[in-house]
Amino acid sequence: MTGGGLPDNLARVLPAGCRATLREGSWPRPAVFDWLMEAGGLSLEEAYRVFNMGIGMVAAVAADDAGAALAVLASSGQPAWIIGTVEPAPEGPTTPEPAEGRLRFPPSAKRPVPGGWVEIVED
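Every value quoted in this text rests on a predicted model; they were computed, and no experiment measured them.

**Side note on unusual backbone geometry**
The residue Met53 is not glycine, and still its phi comes out positive at about 60°. Position of Met53 among the secondary structure elements: in the loop between helix H3 (44-50) and helix H4 (66-75). The buried category is assigned to Met53, whose relative accessible area is 0%.

**Regarding the environment of Ala80**
Residue placement: Ala80 occurs in the loop between H4 and strand E2 (84-88). Overall, Ala80 belongs to the partly exposed group, its relative accessible area being 28%. It is 8.2 Å that separates the C-alpha atoms of Ala80 and Trp27, two residues lying 53 residues apart in sequence. The residues contacting Ala80, other than those within four sequence positions of it, are Leu70 and Leu73.

**As for the pattern of salt bridges**
Taken as a whole and judged by the stated rule, the model has 4 salt bridges. Close ionic contact of Glu87 with Arg19 constitutes a salt bridge, the shortest N to O distance being 2.9 Å. Here Glu87, found in strand E2, pairs with Arg19, found in strand E1 (residues 18-24); they are 68 residues apart in sequence, far enough to count as distant. Overall, Arg19 belongs to the buried group, its relative accessible area being 16%. Salt bridges sharing partners connect three or more residues here, namely Glu24, Arg29 and Asp34.

**Notes on the confidence of the model for the protein chain**
Put simply, the protein chain has an average pLDDT of 81, and 76% of its residues get 70 or more. For the protein chain, per-element mean pLDDT is lowest for strand E3 (residues 102-105), which scores 68, and highest for H4, which scores 96.

Rules behind the numbers
- Residues numbered from 1 in each chain as written.
- Predicted model: local features only at pLDDT ≥ 70, side-chain atom pairs only at ≥ 80, totals over all residues.
- Heavy atoms only, no water.
- Helix = DSSP H or I, 4+ residues; strand = E, 2+ residues; numbered from the N terminus.
- Buried < 20%, exposed > 50% of the residue type's maximum accessible area, 1.4 Å probe, protein only.
- Contact = heavy atoms within 4.5 Å.
- Salt bridge = Lys/Arg side-chain N within 4 Å of Asp/Glu carboxyl O.
- pLDDT = per-residue confidence, 0-100.

Here it is in structure tokens:
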């Protein structure tokens, strides 16, 4: 992942009207990110925007193909996890207010045009 961290990079590939919901805790987050947040006084939201939080690449596959995708990656020695879902967003504003316990990432300087959005929820 490059600039914009996990939420901006993932949101750039989502069509308008879709959201990715990622389950925090569904992948191992290296301890260095907790240290960086504490040392730099970063909020969890800002850390997600600045860093990849341990995710180097996201592959969006159909739910029915997830097991096969994981098997292919495992056979190559590449660790992989199912970290969330992509689904149609509820009707309404492009980025409605997040529900309790969710981080919502609206458009940013890296992604100024509204499209899909990313939510991160506790696993």
